[in-house]
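So you can see what is in the structure, the chains are spelled out below.
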Amino acid sequence: MSKFLDVFKGKRDESPPLWFMRQAGRYLPEYQEVRKIGKTFLDLCYAPDLAAKVTLQPIERFGLDAAIIFSDILVIPHALGQNVSFEEGKGPILGDLPDLHINVETLSPVYQTIRRVKEKLPADTPLIGFAGAPWTLALYMLEGQGSRDFAKAKTLAFSETQMFDDLQNVLVEAITAHLTAQVEAGADALQIFDTWAGLCPATHFERWVMGPTRTIVTSLRQVYPDIPIIGFPKGIGPQLIEYGETSGISGLSLDSSTPLTWANQYLSNHLILQGNLDPLLLVVGGDPLKQAIHAIHEQMKDRPYIFNLGHGIVPQTPVKHVEDCVKWVRALKQPKQLSSCSI
Ligand code: CP3
């Protein structure tokens, strides 16, 4: 029995299942304690004992309905031989693009982390594995760092098309292998993060976002036909329809800019929707947070959905507000059940 896995079978509980993107991280004092040990962020991702401990922290504190493995989307560029480091206040820094060869050994600690987490997780709490999508990873790899518009990477994508296609093909293979290995190690569901999908021009959407994503999902489905796969193509607006219909995914994580009335009307009922609370409402807390939770529930009352944010928890989020959010989501009732017991 798992509230989270049940929604993918079309079953609804009174309140929706709940987890948060970036639920393990800097807003948690117990995470900061682990960071004080002095390892780099990437070393932490590759230390199964510590990564497992950090994965479990938000589950132990809040009793959420799913855990997500503590790792990063940039472990794939790293396993392909690119230098990756994270600098305080600057975000990720990636070195020059090397000749790309996947070094499977680099990622084996991630699978060890999954095995350790599975031993310790409550039986009703599934574990989500994840990877970045080829488009988002290619942008980071070519830009060498985070960026608002990824101008350097996109210029290369438009001008050196063969190189870009080759890079995407390598990524499709590496991501498929990484996600498959996570399921083999015990992941119960998968999420594909395409944080920068909204930067892909509509003219190239099929070639750069849809095609590579579909290839990954199709390969996974051949081995694991029923595993829930959630896509998070942030910022693509109406192209969510095409993404939802043709990628083969089972769930769609909506960013905060997606109107839920629109989503309800245009996104097929067989897609499980997730999201789309603005992460800054979790910083604000109080009534604005409570009202937003109720507004989401009201919009989603006629279909199974997963309560989550429209993007990751930000570091300045007060833990108390996360506690409140969990409490208020748990108190939500399906309207039908409400009326039947309110005589
Ligand atoms: O959700 C979770 O709790 C699981 C862990 C997770 C992390 N990153 C841990 C992390 C997940 C799922 C990610 C995904 C990720 N990583 C994405 C896609 C989702 C998104 O947020 O858009 C992206 C684009 C990255 C790349 C990345 N990693 C960036 C841009 C940064 C720096 C910005 C920042 O928030 O600091 C990271 C670092 C990072 N990844 C941290 C954590 C907890 C902070 C590192 C630290 O402790 O110093």
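Throughout what follows, the structure given in this document is the object of discussion. (Residues numbered from 1 in each chain as written. Predicted model: local features only at pLDDT ≥ 70, side-chain atom pairs only at ≥ 80, totals over all residues. Heavy atoms only, no water.)

Some details on the environment of Ser71
- As for its position among the elements, Ser71 is in the loop between strand E1 (67-68) and helix H5 (75-79).
- With 59 residues separating them in the primary sequence, Ser71 and Phe130 have C-alpha atoms 8.6 Å apart.
- For Ser71, the contacting residues outside a window of four places in its chain are Phe41, Cys45, Val110 and Phe130. (Helix = DSSP H or I, 4+ residues; strand = E, 2+ residues; numbered from the N terminus. Contact = heavy atoms within 4.5 Å.)

As for the site of the ligand
- By nearness alone, 22 residues border the ligand, and Arg22, Arg26, Tyr31, Asp72 and His311 come closest of all.
- One nitrogen or oxygen atom from the side chain of Tyr31 is found 2.4 Å from an oxygen atom belonging to the ligand.
- Between the ligand and the protein, one listed contact pairs an oxygen atom with a side-chain N or O atom of His311 at 2.7 Å.
- Protein contact buries 88% of the 880 Å² of open area that the ligand shows by itself.
- Judged by its atoms lying within 2 Å of the grid points, the ligand is housed in the largest pocket.
- Mapped onto the shell around the ligand, the elements with two or more residues apiece are helix H2 (29-35) and strand E3 (91-94).
- Residue composition of the shell around the ligand, grouped by class: 13 nonpolar, five polar and four charged. (Near = heavy atom within 4 Å. Polar contact = N/O pair within 3.5 Å; in protein donor to acceptor, adjacent residues only side chain to side chain. Areas by Shrake-Rupley, 256 points an atom, 1.4 Å probe, with all protein chains shown as cover. 1 Å grid on protein atoms, 1.4 Å probe; cavity = no way out; pocket = protein on both sides within 12 Å on 5 of 7 lines; lining within 4 Å. Sits in = over half its atoms within 2 Å of the grid points. Nonpolar A, V, L, I, M, F, W, Y, C, P; charged D, E, K, R; others polar.)

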